[in-house]
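Chain and residue survey
The lines below spell out each chain.
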Amino acid sequence: MRSNIMKQGLEKAPHRSLLHALGISREEMDKPFIGVVNSANEIIPGHIHLDRISQAVKDGIRMAGGVPFEFPVIGVCDGLAMGHSGMRMSLPSRELIADSIEIMATAQPFDGLVCIPNCDKIVPGVLMAMVRMNLPAVCVSGGPMLAGQHKGETVDLISVFEGVGRVKRGLMDRQELAELEEQACPGCGSCSGMFTANSMNCLAEAIGLALPGNGTVPAVSSDRLRLAKKAGATIMHLVEQGVRPRDVVTEASVQNAVCVDMALGCSTNTVLHLPAIFREAGIDLGLEVFDRLSASTPNLCRLSPAGPHHVQDLHAAGGVPAVMAELAPLGNIDPSCLTVTGSSVGDNLKRIGAEVP
């Protein structure tokens, strides 16, 4: 175990003493140490509930015989940072997130990592760190927000932006806008359309660095907690088998990621993030790849802001596995790619019985 360099041998008696100060028992010293990267905070709606996700992850790790150690990373809400100088902080935060995870997982030599992000720059930041460190690792997000309801219509954050324009044009009064503000974002989760956060959570699943369901299981669903618990158990399997992110992130998984990107109509910000993630594995992903694969990949989804539907509707239609199952016969998906389940994409799709209901 990698963590043995911190906890075994005569000279590591002081290290063990510090670990005992945490409440770690002698029996636990012989088990794998797993870092749990929790981006929970109280300013991002997508992250307000991540302590519950983290607890489920830690439960799964303990159930599977590991010892979890939680540590935090920062996060910026792009929505709240928008329209003022705070927006300059958003993209740099991605690099800080990746660097801080590298620092923590190097200074404390964990045997594996479970990363819990949910929003725009946090998801790519943790994926970059996972690939850079190349320790056994799983990403499990906090899940998408449900869409809101206003006057019998389904609404989301884009509806509020549009509401501002309608007020300026005299098509809506301020009182109705105030009501819309309170109803468009009904609770925790990453904003309910196919914006950057949900795009990257879906693509983490398509790449194979997250479990099936990661991109679409709603934040408020008990399925999300079960998925987190499964992620905790999965990391133990990956540590045992020695499966690492660079076994998953390959030239073939580039095609899977970009084709799912095109099929879902993901945020254009994926062109910022996918190349950065793949570059950590030494793989160049240029604009020409997006251009080439977009020409051969059908656009299967028109989720908000491109259409009236939301990520919860994609989940009801089978989620990312159903999309990949639709693309596979067209040659857009390489079924042989390994995933953090320990199985290939093709095997996962067969086991799930992935299809559009």
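These notes cover the structure that comes with them. (Residues numbered from 1 in each chain as written. Predicted model: local features only at pLDDT ≥ 70, side-chain atom pairs only at ≥ 80, totals over all residues. Heavy atoms only, no water.)

Remarks on the packing of helix 9 (residues 196-207) against helix 12 (residues 251-264)
- Running from amino to carboxyl end, helix 9 crosses helix 12 at an angle of 145°, the nearest separation of the two axes being 8 Å. For the pair helix 9 and helix 12, the sense of crossing is right-handed. Contacts between helix 9 and helix 12 involve Cys 202, Leu 203, Ala 206 and Ile 207 from the former and Ser 253, Asn 256, Ala 257, Val 260, Asp 261 and Leu 264 from the latter.
- Classifying every residue of the contact of helix 9 with helix 12 by side-chain character gives seven nonpolar, two polar and one charged. (Axes fitted to C-alpha atoms, helices over the stretch in contact; angles between N-to-C directions. Helix = DSSP H or I, 4+ residues; strand = E, 2+ residues; numbered from the N terminus. Left-handed = near helix turned anticlockwise from the far one by under 90°. Contact = heavy atoms within 4.5 Å. Nonpolar A, V, L, I, M, F, W, Y, C, P; charged D, E, K, R; others polar.)

Observations concerning a negative patch on the surface
- Taken together, Asp 173, Glu 179, Glu 181 and Glu 182 make up a surface patch of like negative charges.
- Among the structural elements, Asp 173 can be located in the loop between helix 7 (157-168) and helix 8 (174-184). (Patch = residues over 30% accessible without salt bridge, like charges linked within 9 Å, V, L, I, M, F, W, Y side chains within 5 Å. Areas by Shrake-Rupley, 256 points an atom, 1.4 Å probe, with all protein chains shown as cover. Salt bridge = Lys/Arg side-chain N within 4 Å of Asp/Glu carboxyl O. Lys, Arg positive; Asp, Glu negative; His and termini not counted. Charge placed at Lys NZ, Arg CZ, Asp CG, Glu CD.)

Digging into the nonpolar core
- Counting 73 residues, the largest nonpolar core has Phe 33, Leu 113, Leu 127, Val 260, Leu 264, Leu 274 and Phe 278 as its most contacted members.
- At nine residues, helix 6 (residues 122-133) tops the list of elements feeding residues into this core.
- Non-local contacts of Leu 127, meaning those with residues more than four positions away in its chain, are made with Cys 139, Met 200, Ala 204, Leu 209 and Ile 277.
- Formed by 20 residues, the second largest nonpolar core is a distinct cluster that contains Ala 56, Val 140, Ala 228 and Met 236. (Core = buried A, V, L, I, M, F, W, Y, C linked by side-chain atoms within 4.5 Å. Buried < 20%, exposed > 50% of the residue type's maximum accessible area, 1.4 Å probe, protein only.)

As for the sheet that holds strand 1 (residues 33-38)
- Pairing is parallel in the open sheet, where four strands are placed in the order 2-1-3-4. Each edge of the open sheet carries a strand with a single partner, namely strand 2 (67-72) and strand 4 (137-139). Neighbouring strand axes in the sheet, compared pairwise and without regard to direction, differ in orientation by 20° on average.
- Bridge analysis of strand 1 against strand 3 (residues 112-116) gives five bridges, and the strand direction is parallel. (Pairing = 2+ DSSP bridges.)

Some points on the packing of aromatic side chains
- For the structure on display, the rule yields three aromatic pairs.
- Here the aromatic rings of Phe 69 and Phe 110 are separated by 6.2 Å at their centres, their planes lie at 35°, and the arrangement is tilted. Of this pair, Phe 69 sits in strand 2 while Phe 110 sits in the loop between helix 5 (90-107) and strand 3, placing them 41 residues apart in sequence. Summarising the burial analysis for this pair, Phe 69 and Phe 110 share the class buried.
- Sitting above the plane of the Phe 33 ring, Lys 7 keeps its charged end 3.8 Å from the centroid. (Phe/Tyr/Trp six-rings, centres within 6.5 Å; stacked < 30°, edge-to-face > 60°. Lys NZ or Arg CZ within 6 Å of the ring centre and 35° of its normal.)

Digging into the packing of helix 6 against helix 9
- Close contact between helix 6 and helix 9 brings their axes to 8 Å; oriented N to C, the two are set at 30°. The angle between helix 6 and helix 9 falls in the class roughly parallel. Residues Val 123, Pro 124 and Leu 127 of helix 6 lie in contact with helix 9, whose contacting residues are Met 200, Asn 201 and Ala 204.
- Considering only residue class, the contact of helix 6 with helix 9 consists of five nonpolar, one polar and no charged. (Parallel < 35°, antiparallel > 145°, perpendicular 65-115°, else oblique.)

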